[in-house]
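Single-letter residue listing:
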Amino acid sequence: MQNRIYQSVFSRKIVFSLILLILLLAPLFLSDFRLNLLGKFLAFAILAIGLDLLWGYTGVLSLGHGIFFGLGAYAMAMYLKLEATGGKLPDFMAWSGIQELPLIWIPFQYPILAIILGILIPACLALFLGYLTFRNRINGVYFTILSQALVLVIVTLFIGQQNLTGGTSGLTNFSTFFGFQINSATTQTVIYFVTVVALVLVFLGCKKLVKGRLGRVLVGVRDGENRMRFLGYNPSTYKTFVYTISGAIAGLAGMLFVLQVGIISPTMIGIVPSIEMVLWVALGGRGTLIGPVIGAVFINAAKTGFSESYPDYWTYFLGALFVIVVVFLPKGIMGLVEKLKERWNKVDVKESSSVEIEKNYS
Amino acid sequence: MSELMLTLFNGASLGSILLLIALGLAITFGLMNVINMAHGELIMIGAYVTYVMQNLFISYLPSQYFDFYFILAIPVALLVAAGFGMIMEFSLIRFLYKRPLDSLLATWGVGLMLQQLARSIFGAPNVGVKSPSFLNGGLEVGTLLLPYSRLFILGLSITCLIGIYYYFYRTASGRRVRAVMQNRQMAECLGVSTRKVDLLTFAIGSGFAGVAGCAITLLGAIGPALGTSYIIDAFMVVVVGGVGALFGAVAGAFGIGFFNTAFEYLTNASIGKVLIFLLIIAFLQWRPSGLVTSRSRSLD
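Worth saying up front: this structure is predicted, and the values here are computed from it rather than measured. (Residues numbered from 1 in each chain as written. Chains lettered and ligands numbered in written order. Predicted model: local features only at pLDDT ≥ 70, side-chain atom pairs only at ≥ 80, totals over all residues. Heavy atoms only, no water.)

(A) Local environment of the overall build of chain A. Helices and strands together make up the secondary structure of chain A, namely 17 helices and four strands. Computed over the C-alpha atoms, the radius of gyration of chain A is 22 Å, within 12% of the 21 Å expected from 2.2 N^0.38 for a compact globule of 362 residues. Projecting the C-alpha coordinates of chain A onto the three principal axes gives extents of approximately 80 × 55 × 40 Å. In chain A, which comprises 362 residues, the proportion classed as buried is 51%. Taking as baseline every contact in chain A between residues at least 6 positions apart, the subset at least 24 positions apart corresponds to 79%. Taken as a whole, chain A presents about 16800 Å² of accessible surface, with 67% of it coming from carbon and sulfur. Both charge centroids of chain A, one from 27 positive and one from 16 negative side chains, sit 9 Å from each other. (Helix = DSSP H or I, 4+ residues; strand = E, 2+ residues; numbered from the N terminus. Rg over C-alpha atoms; globule rule 2.2 N^0.38 Å. Buried < 20%, exposed > 50% of the residue type's maximum accessible area, 1.4 Å probe, protein only. Contact = heavy atoms within 4.5 Å. Areas by Shrake-Rupley, 256 points an atom, 1.4 Å probe, with all protein chains shown as cover. Lys, Arg positive; Asp, Glu negative; His and termini not counted. Charge placed at Lys NZ, Arg CZ, Asp CG, Glu CD.)

In structure tokens, the structure reads:
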């Protein structure tokens, strides 16, 4: 009997609803500053779900998700920048002597188009790279290395094309979003709710994706790519598809990030942030979808807490975390929870063995 | 014409550095299926060893012996980096065989800690290493001036290459390494201690990273993040060259070196990087597992 209560308390649906309730009520008991931070973490969590879909389920590790995140973020930032300057050229362009709005900036005058492009551009880049690498069965490790090289290339490009991208300082100083003051508390609260809704939608969408037949194929590709091939599936199609979806999700996360943080620069999307994103997924537990959300919020909260007061120790801690998670916690926090749950149940079973039998029959 | 020659020379120079770095990576990846992201930090260790040697010579020896510090720094850097590599292999990497992606993350963590360690010991700003006087100036060829320091790096990497070639193809120990690389289980059955081979090979790969770090001090100031700027290009060399034989690494390193220099000369640094990346992707359409691969019938 007791066992059932534990099980229902721990059932995923209830945990999920509880987390959702807390997130929705957060504006009531958090200050504006804290709420803004939480919103930022949730934007990261959205990205982590997409990354988990790719790594946890399909077994493809991308060290380049910062770029997809960045492309979404820059798309949104370009729109915000144009709205802030009110039809004139952004300041850094004027400094480098540009007279007219460059061609690639023109679509970003329109908010709806900017939002669509913020998802479409990263998706297309992922599709392009994914198609070319998965098509001819490039070794998984080679793909990972290439994805990291992609980060280096794009970041160098963004820094190099200073008159188009704002260079190392990136894009900042935004004023309005759809005509609303972007820094006002009300707008930020609304954006926070939009982020929560986006997180829930992405989570449920991915959950649906992996629960169905597709999810099983993906796990099959992860665990035995050649066997899947012999069974008549084409793993490269599946990998490319998931990589594209994952890139699109990262773009969405980037847009929500910029709206809440108000700045995007090449250092935020570079090699180090990109690999940190992988750590969120690893710490939370790959292949669980909810784990990466927890991992992303946890690590970023810890980072905000520690790194300001002890930046040196934070780097040591982060480095150690990589090692510890890989060696001792390959299934992450969720794996730890599972283990604890099992142990708890076992203790119960010893107390009343009838429950165990009942469970076996049901 | 002279500009073309200079581009060629710079390409060869970059290629020789990449070769030094990539050799260790290719061997460990081919042998143990381990991606060592901390390789860049081993380079950094080599560079700081050179810096420390320089300071020791300045403070304890009369100035006429100063130039010898660099000659001495090369073997010391090799040994120190190899030592670090051995510690890493023994305490961490041997638990991660056959899990390349996990090894990548764990070694990245190690690299992060080593970088921070260097930052705590030597400080975050870059430090300069004074080149020995015999490497100042350059060789005049026609209208060109080829810096001695770059020629020295070229010579150093060729020496290392010959050394590695001799070790792999002419000694019993090297033969064992190749045997394990080609078929681990069979080698084990025939009495090769794969543990020892792994440990030794990892140490050798790390040692060459140290030598590379020593050489890099000739090119400019060094800092804790020194390795990161070279490591991705070095990984590209491994991807392009394949892991089957030394020739792959050599071709990959000089190929990337030349094209990188040429593209940067023709366009600019950032566009050049994009072009070389696209070129590598295009190359992989033709040879998905790199230039040279050891063929086997096993799947996965």
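Structure shown, so let's carry the discussion forward.
(B) Highlighting the pattern of salt bridges. Applying the stated criterion to the full structure yields 11 salt bridges over all chains. Taking the shortest distance from any N to any O, the salt bridge between Lys81(A) and Asp91(A) comes out at 3.7 Å. One end of the pair, Lys81(A), is in helix H4 (residues 65–85); the other, Asp91(A), is in helix H5 (residues 91–95), with 10 residues separating them in the sequence. Looking at Lys81(A), the relative accessible area reads 5%, which means it is buried. Classification of Asp91(A) as partly exposed rests on a relative accessible area of 31%. Measuring nitrogen to oxygen at the nearest pair gives 3.1 Å for the salt bridge that ties Asp198(B) to Arg184(B). (Salt bridge = Lys/Arg side-chain N within 4 Å of Asp/Glu carboxyl O.)

(C) Geometry of empty space enclosed by the protein. All names here are of chain B. This structure, assessed with the given rule, holds one cavity of 30 Å³ or more. Roughly 80 Å³ of internal volume is contained in the largest cavity. No other element matches the four residues that helix H11 (residues 269–286) contributes to the lining of the largest cavity. Residues that form the lining of the largest cavity fall into these classes: nine nonpolar, no polar and two charged. (1 Å grid on protein atoms, 1.4 Å probe; cavity = no way out; pocket = protein on both sides within 12 Å on 5 of 7 lines; lining within 4 Å. Points joined across faces, edges and corners; volume = space filled by probe spheres on them. Nonpolar A, V, L, I, M, F, W, Y, C, P; charged D, E, K, R; others polar.)

(D) Main features of the side chain of Ser149(B). Turning to its location among the elements, Ser149(B) is positioned in helix H5 (residues 148–170). With residues up to four places along the chain from it excluded, the contact list for Ser149(B) reads Leu135(B) and Leu218(B).

(E) Geometry of the confidence of the model for chain A. Residue and element names in this part refer to chain A. Chain-level pLDDT for chain A is 86 on average; 93% of the residues reach the 70-or-more range. Looking across chain A, the model is least confident in helix H17 (residues 353–361), with a mean pLDDT of 42, and most confident in helix H12 (residues 235–261), with 95. Note that residues 352–362 has pLDDT below 50 and, in this model, five contacts with residues that lie over four places away or in other chains. (pLDDT = per-residue confidence, 0-100.)

(F) Spotlight on the nonpolar core. With 210 residues, the main nonpolar core has Leu80(A), Leu171(A), Val258(A) and Ile264(A) as its most contacted residues. A per-element tally of this core places helix H3 (residues 32–57) of chain A first, with 15 residues. (Core = buried A, V, L, I, M, F, W, Y, C linked by side-chain atoms within 4.5 Å.)

(G) Region of interest: the pairing of strand S2 (residues 144–147) of chain B. All names here are of chain B. Of the two faces of S2, the one holding Leu 144 and Leu 146 is buried and the one holding Leu 145 and Pro 147 is not buried anywhere. Of the strand pairs in this sheet, strand S1 (residues 138–141) and S2 are connected by four bridges, and their pairing is antiparallel. Residue pairing for S2: Val 141 is matched across the bridge by Leu 144. Counted along the chain from S1 to the antiparallel partner S2, the turn is two residues long, and its residue Gly 142 has a positive phi close to 60°. (Pairing = 2+ DSSP bridges.)

(H) Layout of helix H14 (residues 290–309) of chain A. Residues and elements named next belong to chain A. Between its first and last C-alpha atoms H14 spans 30 Å; for 20 residues at 1.5 Å apiece the expected length is 28 Å, and the two agree. The sharpest bend along H14 reaches about 25° and sits at Lys 303. Within H14, the full set of buried residues consists of Ile 290, Gly 291, Pro 292, Val 293, Gly 295, Ala 296, Ile 299, Asn 300, Ala 302 and Thr 304. (Expected span 1.5 Å × (residues − 1). Bend = angle between axes of the 7 residues up to and from the residue.)

(I) Looking closely at the interface of chain A and chain B. The interface is formed by 44 residues belonging to chain A together with 42 residues belonging to chain B. Roughly 3800 Å² of surface becomes buried between chain A and chain B when both sides are summed, with 78% attributable to carbon and sulfur atoms. The interface formed by chain A and chain B holds one salt bridge in total. For Asp102(B), the salt bridge is made with Arg286(A), and the minimal N-O distance between the two is 3.4 Å. Counting only elements with at least two residues in the side of chain A that touches chain B, the list comes to helix H6 (111–134), helix H7 (140–160), helix H11 (225–230), helix H13 (271–284) and helix H15 (311–328) of chain A. With 13 residues, the single largest contributor to the side of chain A that touches chain B is H7(A). In terms of residue class, the side of chain A that touches chain B is made up of 29 nonpolar, 12 polar and three charged. (Buried area = accessible area lost by both parts, 1.4 Å probe.)

(J) Spatial organisation of the UniProt feature "transmembrane region" (unreviewed entry) in chain B. Residue and element names in this part refer to chain B. The UniProt record annotates "transmembrane region" (unreviewed entry) at residues 12–35, 42–62, 68–92, 145–168, 199–222, 234–258 and 265–286. Helix makes up 88% of residues 12–35 and strand 0%, and the two end C-alpha atoms of the span are 26 Å apart. Here residues 199–222 is 75% helix and 0% strand, with 29 Å between the C-alpha atoms at its ends. (UniProt positions renumbered as here; feature names shortened; annotations may be inferred.)

(K) Structural context of the layout of surface pockets. If you add up the space inside the second largest pocket, you get close to 740 Å³. Together, 36 residues line the second largest pocket, and Val272(A), Pro273(A), Glu276(A), Lys303(A) and Leu318(A) are the ones closest to its centre. No other element matches helix H4 (residues 100–122) of chain B, which puts six residues into the lining of the second largest pocket. When its residues are assigned to classes, the lining of the second largest pocket shows 19 nonpolar, 11 polar and six charged.

(L) Just the environment of Leu112(B), in detail. Among the structural elements, Leu112(B) can be located in helix H4. Of the residues examined, Leu112(B) reaches a relative accessible area of 11% and is grouped as buried. Distance from Leu112(B) to Ala38(B), taken between C-alpha atoms, is 7.9 Å for residues 74 residues apart in sequence. Filtering out sequence-adjacent residues up to four positions away, Leu112(B) remains in contact with Thr315(A), Leu318(A), Gly319(A) and Phe322(A).

(M) Seen up close, a positive patch on the surface. Residues and elements named next belong to chain A. Where like charges cluster on the molecular surface, the positive patch consists of Lys 331, Lys 339, Arg 343 and Lys 346. One can find Lys 331 in the loop between H15 and helix H16 (332–351). Overall, Lys 331 belongs to the exposed group, its relative accessible area being 62%. (Patch = residues over 30% accessible without salt bridge, like charges linked within 9 Å, V, L, I, M, F, W, Y side chains within 5 Å.)

(N) Geometry of a nonpolar patch on the surface. All names here are of chain B. On the surface, Val 52, Leu 56, Tyr 60, Leu 61, Tyr 65, Phe 68, Ile 71 and Phe 134 cluster together into a nonpolar patch covering about 790 Å² of accessible area. Sorting the residues of the nonpolar patch by element identifies helix H2 (39–60) and helix H3 (68–91) as the ones contributing at least two each. Here the nonpolar patch gets three residues from one element, more than from any other, and that element is H2. Residue position: Leu 61 is located in the loop between H2 and H3.

(O) The side chain of Lys273(B), seen in detail. Considering the arrangement of structural elements, one finds Lys273(B) in helix H11. Lys273(B) sits in the buried class, given a relative accessible area of 16%.

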